[in-house]
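Listed below are the residues making up each chain.
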Amino acid sequence: MVVSSSMEEKSPSRLEQLDWGAATNIVRRLDEPADIARFAAVSKSCRRMVVESRCIKELFSRKFPEVSMFDSVAEDKMSTDVRPGSSQDSEWKNLKRENKIYFVLAREVSRPPVEASCIHESICASSTDNYPQETIANTLDPVHKEAERPSYWSSKGESNSEVPETLTYALHSNLCVVHEVKIRPFRAYFQRGDPIYSANAVRFRFGYSSSSPESNTLKSDRLMSSSQFVSEDYIWTYVSPIYQMEQEDELQTFKLPRPVLCIGGILQVELLGRVQKQEMDGLYYICICLVYVVGRPLSFFNLEVLGEPRKFILKHSEKFIPKYAENGECLGMLEDASRVPSDDEVSGTWNSIAERIRQIRAGRVLAMLGNIGVVNYVAPHDFDSDEEDLDDNSAMF
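Residues numbered from 1 in each chain as written. Predicted model: local features only at pLDDT ≥ 70, side-chain atom pairs only at ≥ 80, totals over all residues. Heavy atoms only, no water.

1. Re unusual backbone geometry
Quick note on the threshold: Only runs of H or I of at least four residues qualify as helices and only runs of E of at least two qualify as strands under DSSP, and these elements are numbered from the N terminus.
Tyr 131 connects to Pro 132 through a cis peptide bond whose omega is 5°. Looking at where Pro 132 falls in the secondary structure, it is placed in the loop between strand 2 (119-125) and strand 3 (153-154). Backbone geometry at Asp 194 places phi at a positive 50°, although glycine is not the residue there. For Asp 194, the position within the fold is in the loop between strand 5 (175-185) and strand 6 (199-209).

2. A word on the sheet that holds strand 3
Put simply, the rule reads: Note: two strands are recorded as paired if DSSP finds a minimum of 2 bridges between them.
Across the sheet, which stays open at both edges, the four strands sit in the order 3-13-5-9 with antiparallel pairing between neighbours. Single-partner strands in this sheet number two, and they are strand 3 and strand 9 (252-263). Sheet topology note: the strand 5/strand 9 ladder contains eight bridges and is antiparallel. Looking at strand 9, one finds that Cys 176 is bridged to Cys 262.

3. Description of the pattern of salt bridges
For clarity, the cut-off: The term salt bridge refers to a side-chain nitrogen of Lys or Arg lying within 4 Å of a carboxyl oxygen of Asp or Glu.
As enumerated under the stated definition, the model contains 20 salt bridges in all. Three or more residues are tied together by salt bridges with common partners; here these are Arg 184, Arg 187, Asp 194 and Asp 249.

4. Remarks on the packing of aromatic side chains
The description of an aromatic ring pair rests on the distance of the ring centres and on the angle between the ring planes. We count it as follows: Classification of ring pairs uses Phe, Tyr and Trp, with its six-membered ring standing for Trp, and accepts pairs whose centres are within 6.5 Å; under 30 degrees between planes counts as stacked, over 60 as edge-to-face, and the remaining range as tilted. Here the term buried applies to any residue with accessible area under 20% of the maximum for its type, exposed to any over 50%, and partly exposed to those in between, with areas from a 1.4 Å probe on protein chains only.
Enumeration according to the criterion identifies 13 aromatic pairs in this entry. With centroids separated by 5.6 Å and ring planes inclined at 75°, the aromatic side chains of Tyr 189 and Phe 190 adopt a geometry described as edge-to-face. Overall, the relative accessible area of 45% leaves Phe 190 in the partly exposed class. The interplanar angle of 90° and the centroid separation of 6.4 Å between the aromatic rings of Tyr 197 and Tyr 285 together place this pair among those described as edge-to-face. Separated by 88 residues along the polypeptide, Tyr 197 in the loop between strand 5 and strand 6 and Tyr 285 in strand 12 (residues 284-285) bring together distant segments of the chain. In this structure, Tyr 197 and Tyr 285 share a single accessibility class: buried. The structure contains a cluster of three or more aromatic residues connected by ring pairs, namely Tyr 152, Phe 186, Tyr 189 and Phe 190.

5. Examining the packing of helix 5 (residues 55-63) against helix 6 (residues 87-109)
To keep things clear, this is the line we draw: Axis lines are fitted through C-alpha atoms, for helices just across the contact stretch, and the angle between N-to-C directions can take any value from 0 to 180 degrees. Two helices crossing with the near one rotated counterclockwise from the far one by less than a right angle form a left-handed crossing, whereas a clockwise rotation gives a right-handed crossing. Residue contacts are counted whenever heavy atoms from the two residues lie within 4.5 Å of one another. Under the scheme applied here, ten amino acids are nonpolar (Ala, Val, Leu, Ile, Met, Phe, Trp, Tyr, Cys and Pro), four are charged (Asp, Glu, Lys and Arg), and all others, including Gly, are polar.
Taken N-terminus to C-terminus, the directions of helix 5 and helix 6 make an angle of 35°; their axes are 8 Å apart at the nearest point. Helix-helix and strand crossings are classified by hand; for helix 5 and helix 6 the assignment is left-handed. Taken together, the residues of helix 6 that come into contact with helix 5 (itself represented by Ile 56, Lys 57 and Phe 60) are Glu 98, Asn 99, Tyr 102, Phe 103, Leu 105, Ala 106 and Val 109. A breakdown of the residues in the contact of helix 5 with helix 6 according to their chemical character gives seven nonpolar, one polar and two charged.

6. As for the state of the cysteines
The criterion, for reference: Throughout, disulfides are identified as pairs of cysteine sulfur atoms within 2.5 Å of each other.
According to the stated counting rule, one finds zero disulfides in the structure shown. Lacking any disulfide linkage, Cys 262 is separated from the closest cysteine sulfur, that of Cys 176, by 6.3 Å.

Here you go:
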């Protein structure tokens, strides 16, 4: 049965009669952002529960513990003008902003990975045998060249097979969601026996520069011709398990246990152990011809750092609005520095989805609550009734 908006306003639903604590406990049991969005679309009271309980941030923090480093959120369009208003009004606006930004972030990380690698450029390698012929920059070229000079990175030789190596890269955005990393060891077809210089195992670290968290291009490979490398330059927000690498001339996939939100845009590939000696000098080497990151850059989010001690702010830029094809692929970003994009540009076809949700919301959500006992519902405080906010979150999914 479709419940009209007039009926919904005149007669309180079972949900609106629930005790505040019981109602928020129900909301916190929802384990998908889309479910929370649909819940919020039922009524203004439901939206208030979602916003004030901060359940979308709580859910997102469970799925992506990396976001716990953020102290607050902000938008590029936020005004610095001080306007009269109560502290309660200010707190409500901050909660609404946080709710909106985490819903947008949840929507974007749920989209499928882009086709191209998320690596923007190489930063440095822990060692390089013959610079610049065997530089880390060669690992970004997906073409395995056998007819001409081969393209690969090579470590320096070591007599100890346990000596590790690292390859450090900057991703396309300061925030990226990463699903898996692909690596292809190098087969030296110009040496006797075609030896493959793989590592014994591999591990991945994601994070940011300790000296400049807002920049993911701290060093350039052309400045790293020596074996000098300072691992303390980075703070790692996620470290993967160790994966075994096969001594095979093929693109090997290392799928992360869960999608990882890389905050700061830095990836370090840690190559653990050596398996192949070079016949010429009897030393162990690691050689890699391709590193490829499967994921999605979140180019309209950024990391901002303020003050001492540092406070990390998740910043959303509404000047950059993603435009998607029907298959979910991002076609590019709408940008116009002279104005804020219109609602039509931002939402587009979302309006029809929101209308459908309005039609089914009462029956679907209230059915879920049908067996819950009804007690007196005490609302914490009233709030302004802007209908656009009621449907914005539900239209994202």
